[in-house]
Structures are given as structure tokens and as C-alpha cells.
Amino acid sequence: MAMGLEAASEIGRRPSGVAVALENVSMTFGAADTDQAVRALQNITLEVRSGAFVSLIGPSGCGKSTLLRLLGDLLAPSAGIIRINGRSPREARLAREYGIVFQQPVLYDWRTVAQNVQLPLEVMRVAADERRQRAAALLELVGLTEFAERYPWELSGGMQQRVSIARALSFRPSVLLMDEPFGALDEMTRERLNRELLNLWSETNTTIVFVTHSVAEAVFLSDRIVVMSPRPGRIDTVIDVDLMRPREAGTREAAHFFELVAEVRHHLREVDTE
Amino acid sequence: MTAGRATPRSGAERRLRLPEPLPVLIVACVILVVWQLVASLYFNASVAPQFRDGAISGADPKVPPEMRVVMMKLPLPSLVLSALVTPDNAPQLWLAGLITLRSAVIGFVVGGLIGFGLAVVMAQTRLIERSLLPYAIASQMVPVIALGPIVYSIFKDENVARILIAAYVTFFPVTVNTLKGLRSVDPSALALMTSLAASRLQVYLMLRVPAALPYVFQALKIAATASVIGAIVVELMGAQQGIGVTILRTQYYGPANASKLWGAIVVASLLGLVFFRVVAITERFALRWQPEFRA
Amino acid sequence: MSVNTIAAPLARPVRAPSARLAAWGPPLALLVILLGLWQVGAFHALFRLREFQLPYPLQIAQAIVDRWDVLWRDAILYTGPEAAAGLILGGLLGFGCAVLFASVPFLQRGALPIAASLNSIPIIAVSPIAVLWLGFGQQSKIAVVALMVFAPMVINAFKGLYSIEPQSLELMTSLAASPRDVFWKLRLPHALPYVFTALKVGTTLAMIGALVAEFFNAQHGLGITLSNNIQVAKMPIAWAAIVVAAMVGLALFGAVSFIERTVIPWHVSVRIRDGE
């Protein structure tokens, strides 16, 4: 698909409107109606506005990673409808409308940092000059310009993860799917990367669906938090996070921050005892 | 597998998947059929009609030499198969194979034990390892073909020679892999043992050896095939019995024995394959706990 | 930026001169000791051997010096090139088949086991057949070597092409990459380390194959030199041929290692040199 970079982002960028819509989505693994069937998700209905930052949180087994994979067309739902910017997940994937960041950086060992960032652009047949420019711009955004010619193994975990975020943003997707991207990092790095992520988000106006285990992280980053309950995975509550933006280090010490954290934890405790 | 989605397919979409070992059998049959056709065409094209019977039986001295060797170059699978099962030929072939196999297996066991022991010694200190490892490597550069006759001329007994060579080709991969395996212990697991004040022996038996087993089996599988081939090579130098001897003799006796020659080759290959399979099955049994062997 | 100084990149390991000595010292010392023992007859006493069965190191050295022109010519013009050419040929064929099997699932289950079992065929059987087909010259030797190298290459290359971490593949899926892109940008680079492992294993096999192929059916080469001298019980020269063959094997291995360091400098095994 020799789609130019601009065209892809034009289609994706709807100033208002729904970026991600799920309607009665269910996911069952294994042969249906048998003992081995695992109902990972049941009747998920959710809408995410364009440009919003939404977190999915819940105990193990609540299906949040599965949900993310459904959005990314890495799995097909057993039932229900999913729309990404009005298209099916498959169409959205073929149109390169989303970027994905896993918990592991998943960088290719044989490529330098800059080459890793350029990978999506190569796949989309973007011209070499523009690829290099974009990669350089993004590396500057994530603060890794000096490491452009290094190999992934020379970087720490946090730095590798920043490269993987830069890569996901390199083709300006309208939606960013993030599956516990900072889960493997220590707290201080995590908080720093949270702030960097918010900076990137405000500059690129992407819709972000963010899976996390950390309540504080979810509250700090999101507009809305979707609390999910397990067995089978369902949406329990959706909490609006009405903290002021831009959010900074001080936000984590505000009284309202703690109130929201407590509220989320309350719901989590409820769903975990079911 | 081409890049597709990691999507569980619905029943309708799922492609037909044949149960094992059907695909191998299908491919093997296709190969044999094609081979039979090509060999027949080649034979008929190369050998004039009046010489055809003679070329196969080898009993007709009037058959020109270049037509005689046709059967050796590209035998008819049907004839090879009959050489493997008909009562006048088959027992000799299989017996010869067993003689070679017996020595190979003994040598394999000896070499495996030596290799394992050597690795344990080398694992004790870096100094010993650094001293011995280059020789272990260099020893493999000395090709078996050269050692074979030398060992035979020293020891004179063909069984001993076969066993020694089989042990020789086995010990090196086992040493290297065992060493790697003994060292490949997860540091956290080791720390756990230390915190329990486990003795050195306990650490070995309960942690290092089980950790090394997958690597050891990797080496054993390679050595299984190699020890059979090594045992066969040694027979070049004047052994009286064994499948390698059969191969040599049938070559020298000329084109009349083409089917027998190829039958001997098949037997020799099967020895290696079967031995390999046996080791692989033992591995599966010994390493039941490994993820790849779980259903 | 402060984030980067906290998370400093790992330094590339550098080998100090004393480390080099520590690496080479013990093996060299052992070599000297072994040669010394051999020369004074320790092994002869141990195994009750006579001189004609096991020549002394100095005799072997003498033979190497005396016959150097023949041995050198054998190694450089015949055995060495045969091994190298067969290694390349067998490697290419093996790699091609691995690509084929990785693309067609049926072949992966049906043909891969058969290809992998080709290494069970004893060389001494293959060699005369190769001579029947390709004549007495170097082509038959190259064919034998190629056959020997084929199986390890197919196995390793397939593993490299096929056994890829699922998330690396999912990344490509998420980018809607074409199968061609997945092959050239993911499978192939991922497979390269495996290919080189197979090539390194293949150098030993290639030397053995070339020697065996020459053993009965050649006019020139280390194999026939070895064979001829064994038959007339001129053991020092036979051992000289073995030593030269081992050296050729090491040189071949070194060449492959050098190419590996150039082609895949990024791989773990190449960049970590000292310690584990």
C-alpha cells in the first residue's frame, strides 16, 4: 500500500467524532459451547471520542489485553461490532490507522534505533528522505536523538520503550493502542515516561487506548478509566477523570488525585471479589 | 507460514490439516514414484533393449560397461526394495547393519559418559575449561576418516575400532553442550539453592544436571547419527563385517550388485535414523516437563 | 536529558591485553606439555605402540617440512576449494529449501523431516555414486560436501525463518505488511545468525566430506595423499596430511567467523566476547 503519510493521517484525523466504537462485543476462545470454551469478553459496549485518552484497568483475566488485540485486528471477535474511525478493524489495519506498543519493546536487533523507528514508514513505502526526517523528528520528541545510530541492546529498558513509542507514532496513526507499555519499568522511569507520553499526546492529538495495572498511572494519564471485571470480562464502571490538564508531577500530590485513585481502587476491590 | 492475523479461524475457514505422520508419508511416496519413473526412463533410454535383462542381472558379459553402471547410478526403487526384503539378500544386509549398530551404540554410550564427565570437570574451574576446550574443538577438526585407519591399525580389532570412533565423535558435542547446560542455570534458582545452604552435590543433582539435560540431548541426537557414520567409516580399513563392509564389497563386485549396494545404503541410513529416533523418544520421556513437550 | 544519563547505555566490552593472555596461555601450555609427552614416548608406553603405528611429533613436523609443496598444493588447490565450494553450494541449496518449507506449511511437515534426515546417509556410500555421475574430478567432491552440509543448513535456516517471537510478527501484522515485507524485513535478518551457526558446523563437515570423497577416488588432494600413505604405511606423512587438513578446517572456520562478524555485528554471540 503506497499510501502517502499525509493521506493516512488525513483520513484518521477527525476533529470530532468517535474514534473507537465497540457494540456488544464478545470473545470466546476454544470451541463454543464446550468445556474448553473460555469467555474472555462479554457484551462490551464502549465509545471513545477522537483525541481522548482512555485507560482499561482490571484484575488478571478481565480481558483488557484481549480487547486491545480485538481493536488492532490481531484477533477477530466472536460476536459484536467494532469500528475504528467508522471502519472495521481489518480495514483500519490495512489503512494503517493505528499504532501498537507492547509491554516488551519488540525492537528488531539488527536495526539501529533510527532504523527501527523507520520500519513502519518503510513498510508504507515512504521515500527515504522523508523517512529519515520523520524518524529524526520523533527521536527528538522522545529525547533519544544521540542514540539514533545505536543498537537496541545498547539502550536501557526505558529507552527501548521510548523507541517503540516513537516507532508507533512515526506514521501519525489516529489511534494508539498501548498494552501495559511501562509495566516492565521502575517507578521513577515510569512516571517520567507518563509525562513524556502526555506531551506526545498533546502534540499529536492521537486517540489513545491504554491498558494498565497501575491505578495511579491510569488516573494520571486518562480522560476516562474503564474498570473491567473478570470471568467473563465485562465493563464494570467508567470513571471520568476530571483533573486539570496539563498534568504534571504536582498533579500526583493533589487531593483530588487521591480521591480518584481511591474511587478506582474501590471499584477494583469490588470486581476482584466476585 | 505467511504473515496472517493471529486469528482463531472459524470451522469453515480452517484449512484441512492432515494428522501426523501423513504429510511425510505422502511426500515420501511422491518422491519414490517420481524416482521410479525417472529411473525407468533413464534406464530405457541408456540401455539398448537387448542388454536390458543383462544389465539388471549382471550375468551377461556382452553388456557394454557404460550400460552396466546405469543401475548403480540411478537404481529402480522397486529393485532396491526387493533387495531389502527377499530372503536371499535381506538377512545379510540387516545382519551387517546390526553388527555396525551394536558397536556404534556402545561407543555412543561410552563417549556420552566421557563427555559428560569431562564437562563436569571442566565446569569446576575456568582454568581447566580454557585449557581443554580448544583441544576439544581441534580434535573435531581431525576428520574421522583419518583417525579411522590409524585407530584400526593400532588396535587391530574392528569392534574396538568402531567403538572408539563412535565414542570419539560423541564425546565432543556432549562435552560442549553439557558444559553450556551446566552453566545455563538461572541465577535466581542458584541463589535459592544457596540460601537453603545446599551442598555442592545437591546443587548439581537437583539443579544443574536437570538444567543441562536439554542441551545434552541436543548433542546426543547429533552424536547418534554421527556415531553410526563414524562406525561405518572405520570399516573402510579392513573390517570383515558390518554394513560399511557390505557397501564396499558390493561396489567392488561391480554393477551387478547395484540393488544390493543401494539396499545397503538404505540400511546404513536407516540405522542412523532409527538410532536418532530412539534418542529423541528418550529425550521426550526424560524431559516431560519441558514446555515444548506438553500437549 | 536527565532521563538518558540515568539510563546510560551499556558499554561495549573491550578486551584487555592481560585477558588475551589468560585466554591463550592455558591451551598453549597444555599443547606444549602434550607434545612433550608424546615426543618422549608417553603415549607409546601407555598403549604399547610401535613407532610405525604412531609417529613422533618431530617426525610429523619433519614430514610437513619435507612435503610442504605437495601438502600446500593439495590444500590450496584441491581439498580447500572443494570444501569451500561445497559449503557454499550446500548452504545455498539448504537455505533455498528452508525458504520453501517456511512458505508452504504442508512441505514443512512433509518434506522438512526428509531433508533433515539426509545427513544419515553415510558419506562413503555417496562418494562413489558421485564419481559415477560427475567423474573423477573436483565436481564429485563438491557434490559430496554439498550433500553433507545441506541437512544442518535446512534445519537451522528453517528454525531461523520460522521460529520468531509472536510479538515481532504481530508488529508486522499491525502494520499490514505484505508477506514479502515480512520475509525481507523480519524473517531473513532473524535467520542470519542461524545460517551462520549452520555454516560453522558445516566447515567441519565440509572438510570431512572433502577428505572422504578424495579418499579413494581422486588424483590430487589431502584425502588421497592420506590414503596412499596409509596404504604404504608411511605414517608421518599421513599424519602430516591430517595436520594440514586440520589447519585448513580452522582457516575455513575462521573465514566464516570473520564474515559472520561483518554481516551480523549486532548479534549477541558476536558482540559479547568475554565472559558468558
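That block above? That's the structure.
Residues numbered from 1 in each chain as written. Chains lettered and ligands numbered in written order. Predicted model: local features only at pLDDT ≥ 70, side-chain atom pairs only at ≥ 80, totals over all residues. Heavy atoms only, no water.

Draft legend 1. Region of interest: the overall build of chain C. The helix and strand tally for chain C stands at 14 helices and 0 strands. Secondary structure of chain C in N-to-C order comes out as α-α-α-α-α-α-α-α-α-α-α-α-α-α. When burial is assessed residue by residue, chain C has 49% of its 276 residues classed as buried. Summarising the internal contacts of chain C: among those between residues at least 6 apart in sequence, 69% fall at separations of at least 24. Summing over all exposed atoms, chain C offers an accessible surface of approximately 12900 Å²; the carbon and sulfur share of this is 70%. (Helix = DSSP H or I, 4+ residues; strand = E, 2+ residues; numbered from the N terminus. Buried < 20%, exposed > 50% of the residue type's maximum accessible area, 1.4 Å probe, protein only. Contact = heavy atoms within 4.5 Å. Areas by Shrake-Rupley, 256 points an atom, 1.4 Å probe, with all protein chains shown as cover.)

Draft legend 2. Here's a closer look at the pairing of strand 6 (residues 175-179) of chain A. All names here are of chain A. Here strand 6 lies mainly inside the structure; 5 of its 5 residues are buried. Residues Val175, Leu177 and Asp179 point to one face of strand 6 and Leu176 and Met178 to the other, with burial holding for every one of them. Pairing analysis gives 4 bridges linking strand 5 (residues 98-101) to strand 6, with the strands arranged parallel. Considered in strand 6, the bridge of Ile100 is made with Leu177. (Pairing = 2+ DSSP bridges.)

Draft legend 3. Structural context of the packing of helix 6 (residues 157-169) of chain A against helix 7 (residues 187-204) of chain A. Residues and elements named next belong to chain A. Where helix 6 contacts helix 7, the axes come no closer than 11 Å and their chain directions differ by 15 degrees. Overall, the two elements helix 6 and helix 7 adopt an arrangement that is roughly parallel. Here helix 6 and helix 7 pass one another in a crossing that is right-handed. Residues Gly158, Arg162, Ile165 and Leu169 of helix 6 lie in contact with helix 7, whose contacting residues are Thr189, Leu193, Glu196 and Leu200. Class assignment for the residues of the contact of helix 6 with helix 7 results in 4 nonpolar, 2 polar and 2 charged. (Axes fitted to C-alpha atoms, helices over the stretch in contact; angles between N-to-C directions. Parallel < 35°, antiparallel > 145°, perpendicular 65-115°, else oblique. Left-handed = near helix turned anticlockwise from the far one by under 90°. Nonpolar A, V, L, I, M, F, W, Y, C, P; charged D, E, K, R; others polar.)

Draft legend 4. Here's a closer look at unusual backbone geometry. Residue and element names in this part refer to chain A. In this structure, Pro232 follows Arg231 across a cis peptide bond, with omega equal to -10 degrees. Position of Pro232 among the secondary structure elements: in the loop between strand 8 (224-229) and strand 9 (234-240). Omega for the peptide link from Arg245 to Pro246 comes to 0 degrees, which places this bond in the cis form. Positive phi, normally seen in glycine, also occurs at Asp73, with a value near 60 degrees.

Draft legend 5. Fine view of the sheet that holds strand 8 of chain A. All names here are of chain A. Pairing in this open sheet of 6 strands is mixed, and the strands run 5-6-7-3-8-9 from one edge to the other. Edge positions in the open sheet fall to strand 5 and strand 9, since each of these has one partner strand only. Taken over all neighbouring pairs, the strand axes of this sheet differ in orientation by 20 degrees on average, direction set aside. This element, helix 7, spans strand 3 (53-57), strand 6 and strand 7 (207-212) of the sheet and lies at about 160 degrees to strand 7. Of the strands in this sheet, strand 3, strand 8 and strand 9 are in contact with helix 9 (residues 255-272), which crosses strand 9 at around 170 degrees.

Draft legend 6. Main features of the nonpolar core. The biggest cluster of nonpolar side chains holds 176 residues, and the ones touching the most others in it are Val20 of chain A together with Leu222 of chain C. Counting residues per element, this core draws most heavily on helix 11 (residues 179-216) of chain C, which supplies 17 residues. Among residues more than four places away in sequence, those in contact with Val20 of chain A are Leu46, Glu47, Val48, Leu71, Arg83, Ile84, Val175 and Val209 of chain A. Listed in part, the 48 residues of the second largest apolar core include Val113, Phe147, Ile225 and Leu260 of chain A. (Core = buried A, V, L, I, M, F, W, Y, C linked by side-chain atoms within 4.5 Å.)

Draft legend 7. How the structure looks around helix 1 (residues 22-46) of chain B. The first and last C-alpha atoms of helix 1 of chain B sit 36 Å apart over 25 residues, in line with the 36 Å expected at 1.5 Å per residue. Among the residues making up helix 1 of chain B, those that are buried are Pro23, Val27, Ala39 and Phe43 of chain B. (Expected span 1.5 Å × (residues − 1).)

Draft legend 8. Structural detail: the environment of Asn228 of chain C. By secondary structure assignment, the location of Asn228 of chain C is in helix 12 (residues 222-231). With 12 residues separating them in the primary sequence, Asn228 of chain C and Phe216 of chain C have C-alpha atoms 8.9 Å apart.

Draft legend 9. Region of interest: the environment of Ala206 of chain C. Positionally, Ala206 of chain C belongs in helix 11. With 58 residues separating them in the primary sequence, Ala206 of chain C and Met148 of chain C have C-alpha atoms 7.1 Å apart.

Draft legend 10. Fine view of the packing of helix 12 (residues 243-252) of chain B against helix 8 (residues 123-134) of chain C. For the pair helix 12 of chain B and helix 8 of chain C, interaxial distance at closest approach is 10 Å and the crossing angle is 15 degrees. Classified by the angle their axes make, helix 12 of chain B and helix 8 of chain C are roughly parallel. Seen from above, helix 12 of chain B lies across helix 8 of chain C with left-handed handedness. Across from Gly244, Ile247 and Gln251 of chain B in helix 12 of chain B, the residues of helix 8 of chain C making contact are Ile124, Ala125 and Pro128 of chain C.

Draft legend 11. How the structure looks around the environment of Ile84 of chain A. Within the secondary structure, Ile84 of chain A sits in strand 4 (residues 79-84). As for Ile84 of chain A and Ser174 of chain A, which are separated by 90 residues in sequence, their C-alpha atoms are 9.5 Å apart.

Draft legend 12. Structural detail: the packing of aromatic side chains. Evaluated as defined, the whole model comprises 13 aromatic pairs over all chains. Geometrically, the ring pair formed by Phe182 of chain A and Phe210 of chain A is tilted, given 6.1 Å between the ring centres and 45 degrees between the ring planes. Of this pair, Phe182 of chain A sits in the loop between strand 6 and helix 7 while Phe210 of chain A sits in strand 7; the two residues are 28 residues apart in sequence, bridging distant segments of the chain. Every member of this aromatic cluster is reached through a ring pair, and the members are Phe53, Phe182, Trp201 and Phe210 of chain A. Cation over ring: Lys141 of chain C sits above Phe136 of chain C, and NZ or CZ is 5.9 Å from the ring centre. (Phe/Tyr/Trp six-rings, centres within 6.5 Å; stacked < 30°, edge-to-face > 60°. Lys NZ or Arg CZ within 6 Å of the ring centre and 35° of its normal.)

Draft legend 13. Quick peek at helix 8 of chain C. For helix 8 of chain C, which comprises 12 residues, the first-to-last C-alpha distance of 16 Å matches the rise-based estimate of 16 Å (1.5 Å per residue) to within 8%. Of all 12 residues in helix 8 of chain C, 9 are buried, a share of seventy percent or more. Inspection of helix 8 of chain C places Ile123, Ile124, Ala125, Val126, Ser127, Pro128, Ile129, Ala130 and Val131 of chain C among the buried residues, and these make up the whole buried set. Against helix 4 (70-73), helix 11 (200-234), helix 12 and helix 13 (258-286) of chain B together with helix 9 (138-162) and helix 11 of chain C lie the buried residues of helix 8 of chain C.

By themselves, these observations are geometric and do not establish any function.
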